[in-house]
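# Breakdown of the fold
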Amino acid sequence: MRLSNRENISLKLKDVYQEALRDGISQSDLHQVYKKSVAGKLLPASRSIWNCRNMVVFYLVTLMTSILFAIYFDTIDPRCIVGNNLLALEVSRPAVQCEVCKDIDQVPTIDGNLLTKDLFLSKYAYTGIPLLVKNGAKNWSALHTFSFDYLKDLYELTEGALEAVDEACQFFPYKTSFLSLEEVFEMPKEQSRLEPGQPEWYVGWSNCHPDVARELRRHYTVPTFLPDDSESSNLDWLFMGGFGGGANIHIDSVQRPSWQAMIAGKKSWKIIPSPECDSVCKTLNATMEKGDIILVDTNMWYHSTYIHPGEMSITIGSEYD
C-alpha cells in the first residue's frame, strides 16, 4: 500500500526520534535541541526591533514548523513536547490588547487584610493586570503542613495518585533529569533536603486525583477575595524546588487566569508583555514571600520565575474566572 506524504514524513521523523532515544538522548534533551536550533534562530536577540515584516516572517515560519511537528507528534504522547512548544503557543494565542498594560510599570501590590471581594471586583478583577496580594494566604494551615515529606507521603500512600499525574495530569521536570513525579519522590534524602553539593532541582505538576485534592484542600481555600460567583478549576498546580532558576520564560495555554500562593520559601517573577505590546508595555517584576498570593493571566503574559536561596520553595495554585 502506498503511503501518503504525511505518513512518510511521520515514519521518517519517528525513526530519527527512536534512534536518538536508543543513543541515550532524552525527550527533554531533544526538546532543548529543537528550541536552540529553531526557536533561537526565529526569536530576535532584541525584542525591541520587531516590526511588521519581522512579525509576518516569524508567524509564517513558526506556523510551518508547528505543522511539521504536529504531523510527527501524532505518533507520540503530545505532553512530552507539544505542551511546552513556545512557537506553537505563540502562533495560536489571540492578540493582546496593549491598552491594558501600557501605563503599568510595576505589579500592583495590596495587603490581603485590605482586599475585600468588592474592592477586588471593582479595581483588579479581569483587568489582565497582575496583582500581588501580601499575606493573602497567611491563615492557611498549608503554610505549616506542606513539605517535601508531606507531599511524598500523600502521593505514595494514596492509591493511583502517582499514576494519575502520568496518565491524566501534567509533569514539568524543568532543568532536572526527572521523568516523573515518582522519580522526584525517589531522589536521595540529601538532595531532597537541598544539602550543599547536591544537584539542584525544581519541578511542577498538576493534580487530578480526587483523594489527593480533598487532602490538599483541607489546608488551603480558594482566595477569599475572589467573587462569590467565581468558578475555580478542579486542578491544583504545585511547584517545588530549591535555589536557582525556576520555570524558564514561557506562556501558558490554559482556560482561565491563574492564582498562585507561596506556601514556603521565596520566589520572584519576571512578567513580560507579548511581542505586539513590546513598544507599549514594560516588563514587570514581583517577589512572593511565604503567605503571599499572585494573580497573573499566564495566557497573556510571558513569565519566568527565580527561586531565592534558603527555604525550599513550595507553591500551590489554580485557575479562576
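Computed from a predicted structure; not experimentally measured.

## Let's talk about the overall build of the protein
When helices and strands are tallied, the protein shows 11 helices and 12 strands. Here the protein holds 321 residues, and 44% of them are scored as buried. Carbon and sulfur atoms make up 53% of the accessible area of the protein, which amounts to about 16900 Å² in all.

## Things to note about the pairing of strand 11 (residues 302-307)
Within strand 11, five of the six residues are buried, which leaves it mostly tucked inside the rest of the structure. As judged from the two bridges shared by strand 6 (residues 244-245) and strand 11, these two strands associate in the antiparallel manner. Paired with G244 across the two strands is I307, which belongs to strand 11.

## A closer look at the state of the cysteines
Defined simply, a disulfide is a covalent bond joining two cysteines at their sulfur atoms. Following the criterion strictly, the structure yields three disulfides and no others. Two residues, C98 and C277, share a disulfide whose sulfurs are 2.1 Å apart. On the S-S bond that ties C98 to C277, the torsion sits near -85°, and the link is left-handed. You can see C98 sitting in the loop between helix 4 (86-92) and strand 1 (109-111) and its partner C277 sitting in the loop between strand 8 (267-272) and strand 9 (284-288), a full 179 residues away along the chain. Here the two residues C98 and C277 agree in accessibility, since each one is buried.

## Details of the sheet that holds strand 2 (residues 131-134)
Here eight strands make up an open sheet; going across it, the order is 1-2-10-7-12-5-4-3 and the pairing mixed. Lying at the two open borders of the sheet, with one neighbouring strand each, are strand 1 and strand 3 (171-172). Judged from the three bridges that link them, strand 1 and strand 2 form a sheet pairing that is parallel. Its bridge partner being in strand 2, I110 is matched across the sheet by V133.

## A closer look at the packing of aromatic side chains
Counted by the stated rule, this structure contains 14 aromatic pairs. Each ring, one from Y174 and one from Y202, has its centre 5.4 Å from the other, and the planes form 35°; the classification is tilted. Placement of the pair is Y174 in the loop between strand 3 and helix 9 (181-185) and Y202 in strand 4 (residues 202-207), with a sequence separation of 28 residues. In textbook terms, an aromatic cluster arises when at least three aromatic residues are bridged by ring pairs, as seen for F148, Y155, F185, W201 and W205.

## Focus: the side chain of T315
Inspection of the secondary structure puts T315 in strand 12 (residues 313-319). Since its relative accessible area comes to 0%, T315 is described here as buried. A distance of 3.3 Å separates polar atoms of two side chains, one belonging to T315 and the other to K267. Setting aside chain neighbours within four positions, we find T315 in contact with W237, L238, F239, Q260, A261, M262, I263 and K267.

## Here we look at the sheet that holds strand 6
Spatially, four strands are ordered 6-11-8-9 in an open sheet, and the strand pairing comes out antiparallel. Looking along the sheet, the strands with just one partner apiece sit at the ends: strand 6 and strand 9.

## Quick word on unusual backbone geometry
Despite not being glycine, N135 shows a phi value in the positive range, around 60°. Among the secondary structure elements, N135 is positioned in the loop between strand 2 and helix 6 (142-145). The class for N135 is partly exposed, based on a relative accessible area of 32%. Not every positive phi belongs to a glycine, and L194 is a case in point at roughly 60°. Its place among the elements puts L194 in the loop between helix 10 (189-192) and strand 4.

## Regarding a negative patch on the surface
A cluster of acidic residues, E159, E163, D166, E167, E182, E183 and E186, forms a negative patch at the surface. Elements that contribute at least two residues to the negative patch include exactly helix 8 (161-167) and helix 9. A per-element tally of the negative patch places helix 8 first, with three residues.

## As for helix 7 (residues 148-157)
Within helix 7, the full set of buried residues consists of F148, Y150, L151, L154 and Y155. Buried residues along helix 7 cover an arc of 165° about the axis, so they all sit on one side.

## Focus on the pattern of salt bridges
On inspection of all chains with the given rule, the structure shows eight salt bridges. Between E156 and K152 there is a salt bridge, and its shortest N-O distance comes to 3.0 Å. Separated by four residues within a single helix, E156 and K152 lie in helix 7, roughly one turn from each other. With relative accessibility at 39%, the residue E156 sits in the partly exposed group. On the basis of relative accessible area, K152 is assigned to the partly exposed category, the value being 21%. A salt bridge links D211 to R214, with the nearest nitrogen and oxygen atoms 2.2 Å apart.

Definitions and cut-offs
- Residues numbered from 1 in each chain as written.
- Predicted model: local features only at pLDDT ≥ 70, side-chain atom pairs only at ≥ 80, totals over all residues.
- Heavy atoms only, no water.
- Helix = DSSP H or I, 4+ residues; strand = E, 2+ residues; numbered from the N terminus.
- Buried < 20%, exposed > 50% of the residue type's maximum accessible area, 1.4 Å probe, protein only.
- Areas by Shrake-Rupley, 256 points an atom, 1.4 Å probe, with all protein chains shown as cover.
- Pairing = 2+ DSSP bridges.
- Disulfide = S-S within 2.5 Å.
- Phe/Tyr/Trp six-rings, centres within 6.5 Å; stacked < 30°, edge-to-face > 60°.
- Polar contact = N/O pair within 3.5 Å; in protein donor to acceptor, adjacent residues only side chain to side chain.
- Contact = heavy atoms within 4.5 Å.
- Patch = residues over 30% accessible without salt bridge, like charges linked within 9 Å, V, L, I, M, F, W, Y side chains within 5 Å.
- Salt bridge = Lys/Arg side-chain N within 4 Å of Asp/Glu carboxyl O.
- Lys, Arg positive; Asp, Glu negative; His and termini not counted.
- Charge placed at Lys NZ, Arg CZ, Asp CG, Glu CD.
- Arc of directions from axis to C-beta.

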